[in-house]
Amino acid sequence: MASNLTRKALLKQDKFTVEAEHTVNFLSEHRQEATRYGVIALVVFAIVAAVYYYRTSQHSVRQQVLGEAITLSVAPVATPQPGSGPNFPTQAAKDDAVTKAFTKLSADYSGSEEGYVAEYYLGAKALDAGKVDDARKRYQDVADHAEANYASLAKLALAQLDVAENRIPEAENLAKDLSDHPTDLVSKTQANFLHAKILALSKPEEARKILLQIAGEKSDVSQIALTAMNDLPQK
């Protein structure tokens with residue numbers, strides 16, 4: 001099952017990684033819309049983080065449990081097919097099973113990296129359910145205690161929440177910290193793009209300077225930066 005998981009999950013990882021690392025949107029005018037929109041990216045980050053950790057870690061009981069939870073999270077909602085692996089009759093049934101799996105992982109292996117991956121995922125699910133305070137608590141725990149890669153993902157999530165709740169100075173501080181301390185899962189370019197999107201709300205010219213620099217890097221996010229520049233108020 002583990003090899004099956006790895007093969008299928010990694011086929012999706014490249015697309016997930018590109019989209020997750022370079023697509024950060026902020027809808028601050030309507031908190032509910034911003035929160036709901038943000039969770040799409042956050043759930044993707046959770047899957048990317050889990051797959052990344054599973055791929056690069058040595059095998060252990062904890063990784064096996066994490067792998068099983070990941071398998072459930074990517075399982076289809078469809079009519080069962082022979083030999084197709086786990087699937088669910090409804091989305092509600094899948095959500096319930098996945099949440100239980102990650103909750104047990106978080107409880108049984110609290111303080112481990114697998115536990116923090118589970119905690120991150122549960123934060124995204126709490127946000128999806130409108131439990132913003134619970135989501136923030138879980139993300140903060142990961143940001144404060146997990147290793148650098150997963151801590152950076154949690155900080156990115158917290159910055160998105162701060163923007164949605166109009167806590168702009170806090171969001172800026174997180175973006176600067178992420179830019180100063182890039183990781184494999186949150187690059188310096190992504191952090192700078194995040195900072196620019198935050199500044200676009202009140203300081204569009206400063207945002208323009210950052211986006212112009214990103215566009216000049218000729219990376220896979222250059223076109224996104226150019227598009228974001230076009231969305232800024234004109235001089």
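Whatever comes next refers back to the structure up there.
Conventions we followed
- Residues numbered from 1 in each chain as written.
- Predicted model: local features only at pLDDT ≥ 70, side-chain atom pairs only at ≥ 80, totals over all residues.
- Heavy atoms only, no water.
- Helix = DSSP H or I, 4+ residues; strand = E, 2+ residues; numbered from the N terminus.
- Buried < 20%, exposed > 50% of the residue type's maximum accessible area, 1.4 Å probe, protein only.
- Contact = heavy atoms within 4.5 Å.
- Areas by Shrake-Rupley, 256 points an atom, 1.4 Å probe, with all protein chains shown as cover.
- Phe/Tyr/Trp six-rings, centres within 6.5 Å; stacked < 30°, edge-to-face > 60°.
- Axes fitted to C-alpha atoms, helices over the stretch in contact; angles between N-to-C directions.
- Parallel < 35°, antiparallel > 145°, perpendicular 65-115°, else oblique.
- Left-handed = near helix turned anticlockwise from the far one by under 90°.
- Nonpolar A, V, L, I, M, F, W, Y, C, P; charged D, E, K, R; others polar.
- Core = buried A, V, L, I, M, F, W, Y, C linked by side-chain atoms within 4.5 Å.
- Expected span 1.5 Å × (residues − 1).
- Arc of directions from axis to C-beta.
- Polar contact = N/O pair within 3.5 Å; in protein donor to acceptor, adjacent residues only side chain to side chain.

A. Representation of the overall build of the protein in the model. Scanning the protein for helices and strands turns up 11 helices and zero strands. Going from the N terminus to the C terminus, the protein shows its helices and strands as α-α-α-α-α-α-α-α-α-α-α. Looking at the 235 residues of the protein, the share that counts as buried comes to 49%. Restricting the contact set of the protein to residue pairs at least 6 apart, pairs at least 24 apart contribute 57%. Carbon and sulfur atoms make up 53% of the accessible area of the protein, which amounts to about 11,900 Å² in all.

B. Structural context of the environment of Val142. Within the secondary structure, Val142 sits in helix H6 (residues 132–145). Here Val142 falls in the buried class, since its relative accessible area comes to 0%. Sequence spacing of Val142 and Tyr120 is 22 residues, and the spatial spacing of their C-alpha atoms is 6.7 Å. Filtering out sequence-adjacent residues up to four positions away, Val142 remains in contact with Tyr116, Glu119, Tyr120, Tyr150, Ala151 and Ala154.

C. Representation of the packing of aromatic side chains. Tallied over the full model, the rule gives two aromatic pairs. Ring geometry for Phe102 and Tyr121: centres 4.2 Å apart, planes at 20 degrees, overall stacked. Highlighted residues: Phe102 in helix H4 (residues 91–108) and Tyr121 in helix H5 (residues 113–128), separated in sequence by 19 residues.

D. Structural view of the packing of H4 against H5. The interhelical angle for the contact between H4 and H5, taken along N-to-C directions, is 140 degrees, at an axis separation of 8 Å. It follows that H4 is oblique to H5 by the angle criterion. Between H4 and H5 lies a crossing whose hand is left-handed. Between H4 and H5, the contacting residues are Asp95, Val98, Thr99, Phe102, Thr103, Leu105 and Ser106 on the first element and Glu114, Gly115, Ala118, Glu119, Tyr121, Leu122 and Lys125 on the second. Of the residues contributing to the contact of H4 with H5, the split by class is six nonpolar, four polar and four charged.

E. Representation of the nonpolar core within the structure. Core analysis: the biggest nonpolar cluster contains 41 residues, and Phe102, Tyr120, Tyr139, Val142, Tyr150, Leu194 and Ile198 have the highest contact counts within it. Of all the elements in the fold, those that place two or more residues in this core are helix H3 (61–73), H4, H5, H6, helix H7 (148–164), helix H8 (168–180) and helix H9 (188–199). Core analysis: the second largest hydrophobic core is formed by 13 residues, Leu211, Val221, Ala225 and Ala228 among them.

F. Quick peek at the environment of Ala75. Inspection of the secondary structure assignment puts Ala75 in the loop between H3 and H4. Linking Ala75 and Lys94, residues 19 residues apart in sequence, is a C-alpha distance of 8.0 Å.

G. Molecular detail of H8. Over its 13 residues, H8 extends 18 Å from the first C-alpha to the last, a length consistent with the 18 Å expected when each residue adds 1.5 Å. All buried positions along H8 are accounted for by Ile168, Ala171, Glu172, Leu174, Ala175, Leu178 and Ser179. The buried side chains of H8 occupy one side of the element, clustering within an arc of 165 degrees when seen end-on. Pointing more than 90 degrees away from the buried face of H8 are the exposed residues Pro169 and Asp180. Looking at the buried side of H8, the elements it contacts are H7 and H9.

H. The packing of helix H10 (residues 204–215) against helix H11 (residues 222–231), seen in detail. H11 packs onto H10 with a crossing angle of 150 degrees between their chain directions and a minimal axis gap of 8 Å. Relative to H11, the element H10 is oriented roughly antiparallel. As H10 packs across H11, the resulting crossing turns out to be left-handed. Across the interface between the two elements, Arg208, Leu211, Leu212, Ile214 and Ala215 of H10 pack against Ser222, Ala225, Leu226, Ala228 and Met229 of H11. Split into classes, the residues belonging to the contact of H10 with H11 amount to eight nonpolar, one polar and one charged.

I. How the structure looks around unusual backbone geometry. If you check the backbone angles, Asn166 has positive phi at about 60 degrees while not being a glycine. Secondary-structure assignment places Asn166 in the loop between H7 and H8.

J. Quick look at the environment of Tyr139. In this structure, Tyr139 sits in helix H6. Separated by 20 residues in sequence, Tyr139 and Glu119 place their C-alpha atoms 7.5 Å apart. In this structure the side chain of Tyr139 is engaged in a polar contact, spanning 3.1 Å, whose partner is the backbone nitrogen of Ala124.

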